[in-house]
Amino acid sequence: MAHICRQFIGGTVSCAGWVGLVVATATNDWVRTCEYTVATCVRMDEMGSKGLWAECVISPALYHCMAMSQMLSLPAYILTSRALMICACLLGLPAMLLVLVSMNCMRLPNDNPTIKKCRAQVGGFLFIIMALFGTISTIWFPVGAHKEHNIMSFGFSLYTGWAGCGLCLLAGIVILCFMIPVLGPITRDNSYYYSRQGGTAVPLDQPTNHARSERV
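Rules of the game
Residues numbered from 1 in each chain as written. Predicted model: local features only at pLDDT ≥ 70, side-chain atom pairs only at ≥ 80, totals over all residues. Heavy atoms only, no water. Helix = DSSP H or I, 4+ residues; strand = E, 2+ residues; numbered from the N terminus. Buried < 20%, exposed > 50% of the residue type's maximum accessible area, 1.4 Å probe, protein only. Contact = heavy atoms within 4.5 Å. Phe/Tyr/Trp six-rings, centres within 6.5 Å; stacked < 30°, edge-to-face > 60°. Salt bridge = Lys/Arg side-chain N within 4 Å of Asp/Glu carboxyl O. Expected span 1.5 Å × (residues − 1). Bend = angle between axes of the 7 residues up to and from the residue. Core = buried A, V, L, I, M, F, W, Y, C linked by side-chain atoms within 4.5 Å. Polar contact = N/O pair within 3.5 Å; in protein donor to acceptor, adjacent residues only side chain to side chain. Disulfide = S-S within 2.5 Å. UniProt positions renumbered as here; feature names shortened; annotations may be inferred.

**A look at the overall build of the protein**
Alright, step 1. When you go through the protein residue by residue, the secondary structure sums to 6 helices and 7 strands.
Alright, step 2. The buried share of the protein, reckoned over its 216 residues, is 37%.
Alright, step 3. For the protein, restricting intrachain contacts to residue pairs at least 6 apart in sequence, the fraction spanning at least 24 positions comes to 66%.

Laid out in structure tokens, this is it:
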């Protein structure tokens, strides 16, 4: 029962971390910027929001975004953060599939404990790599944006990315350390074959002493 709970926790946490990285990648509220002084922006109630894909202007009467589609003119921190976050999101699909098929409730043809353990280990390593990619992106982006603009605060997308990175790291550790499949070896103690001649079920491995007793 405890092993099943660990498997469920590892799968749930890994899925939540992957969703957090996808949400952070798709949204544009990474940092809140201000083109003027902080006091002026607060008095005018107008701020800017910047993400991986667009720059937005936020005010009570206006919410306008301009896509950053010119790849060659973008700073290196934006391009690198984009690439790392996209890689992290794409790695989530094979990682989740490997974790799911490594659970005891999932049985594939020719499964054995060694193969399930290898699947779980590869899935755990992929989640740790996802956490590493996401951490680099979510740290490098606000540092680069601060050098380019005057950052007022962090946006919800950045907090979502940090939460996703933490959950992916936790999921990877849980999967590697605790999510080891418990599958007993297949024994032939209760294995039988059906005899067409006699119409009875006979054990595959008959004891030798039984044969000797028949001879006696």
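Moving on, there is more to tell.
**Considering the packing of aromatic side chains**
Each aromatic ring pair is summarised here by two numbers: the centre-to-centre distance and the angle between the ring planes.
Alright, step 1. Under the definition given, this model contains 5 aromatic pairs.
Alright, step 2. The interplanar angle of 90 degrees and the centroid separation of 5.4 Å between the aromatic rings of phenylalanine 154 and tryptophan 162 together place this pair among those described as edge-to-face.
Alright, step 3. The class for tryptophan 162 is partly exposed, based on a relative accessible area of 31%.
Alright, step 4. Connected via pairs of aromatic rings, a cluster forms that spans Trp30, Tyr77 and Phe141.

**Structural notes on the pattern of salt bridges**
Alright, step 1. In the structure shown here, the tally under the stated rule is 3 salt bridges.
Alright, step 2. Among the salt bridges present, the one from arginine 32 reaches aspartate 29, with a minimum N-O distance of 2.8 Å.
Alright, step 3. Glutamate 55 is the salt-bridge partner of lysine 50, the closest N and O atoms lying 3.8 Å from each other.
Alright, step 4. Via salt bridges that share partners, Lys50, Glu55 and Glu148 belong to a single interconnected network.

**Here we look at helix 3 (residues 76–101)**
Alright, step 1. In this model, helix 3 (26 residues) spans 38 Å end to end at C-alpha, consistent with the 38 Å of a helix rising 1.5 Å per residue.
Alright, step 2. The axis of helix 3 is deflected most strongly, by about 25 degrees, at glycine 92, and proline proline 94 appears within four residues downstream.

**Considering the nonpolar core**
A general feature of soluble globular proteins is that nonpolar side chains tend to end up buried together.
Alright, step 1. If you look at the biggest cluster of nonpolar residues, it comprises 28 residues, and the most contacted ones within it are Leu21, Phe127, Met130 and Phe141.
Alright, step 2. Those elements that place two or more of their residues in this core are helix 1 (2–26), helix 3, helix 4 (113–148) and helix 5 (156–177).
Alright, step 3. Residues contacting leucine 21, with those up to four places away along its chain left out, are Met85, Ala88, Cys89, Met130, Gly134, Gly161, Gly164, Cys165 and Cys168.

**Focus: the side chain of aspartate 29**
Alright, step 1. Of note, aspartate 29 is situated in the loop between helix 1 and strand 1 (31–34).
Alright, step 2. Given the relative accessible area of 8%, aspartate 29 is considered buried.
Alright, step 3. At a separation of 3.0 Å, a polar atom in the side chain of aspartate 29 contacts the side chain of serine 49.
Alright, step 4. Not counting the four nearest positions on each side in its chain, aspartate 29 is found in contact with Ser49, Lys50, Gly155, Phe156, Ser157 and Leu158.

**Focus: the state of the cysteines**
Alright, step 1. Enumeration according to the criterion identifies 1 disulfide in this entry.
Alright, step 2. The partner cysteine of cysteine 56 in its disulfide is cysteine 65, sulfur to sulfur 2.0 Å. Here cysteine 56 and cysteine 65 share a disulfide; its torsion about the S-S bond, 105 degrees, makes the bridge right-handed.
Alright, step 3. For cysteine 65, a relative accessible area of 33% gives the class partly exposed.
Alright, step 4. There is no disulfide at cysteine 89, and the cysteine sulfur nearest it, in cysteine 168, is 9.2 Å away.
Alright, step 5. Taking relative accessible area as the criterion, cysteine 89 reaches 16% and is therefore assigned buried.
Alright, step 6. A disulfide-free cysteine, cysteine 165 has its sulfur positioned 6.8 Å from the sulfur of cysteine 168, the nearest such atom.

**Things to note about the UniProt feature "transmembrane region" (unreviewed entry) in the protein**
Alright, step 1. Within the UniProt annotation, "transmembrane region" (unreviewed entry) is assigned to residues 76–101, 122–141 and 161–186.
Alright, step 2. Between the C-alpha atoms that bound residues 76–101 the distance is 38 Å, and the span itself is 100% helix and 0% strand.
Alright, step 3. The distance from the first to the last C-alpha atom of residues 122–141 is 29 Å, and the span holds 100% helix and 0% strand.

**Side note on helix 5**
Alright, step 1. Taking 1.5 Å per residue as the helical rise, helix 5 with its 22 residues ought to reach 32 Å, and the 31 Å between its terminal C-alpha atoms agrees with that figure.
Alright, step 2. Of all the positions in helix 5, only Ser157, Leu158, Gly161, Gly164, Cys165, Cys168, Ala171, Gly172, Val174 and Ile175 are classed as buried.

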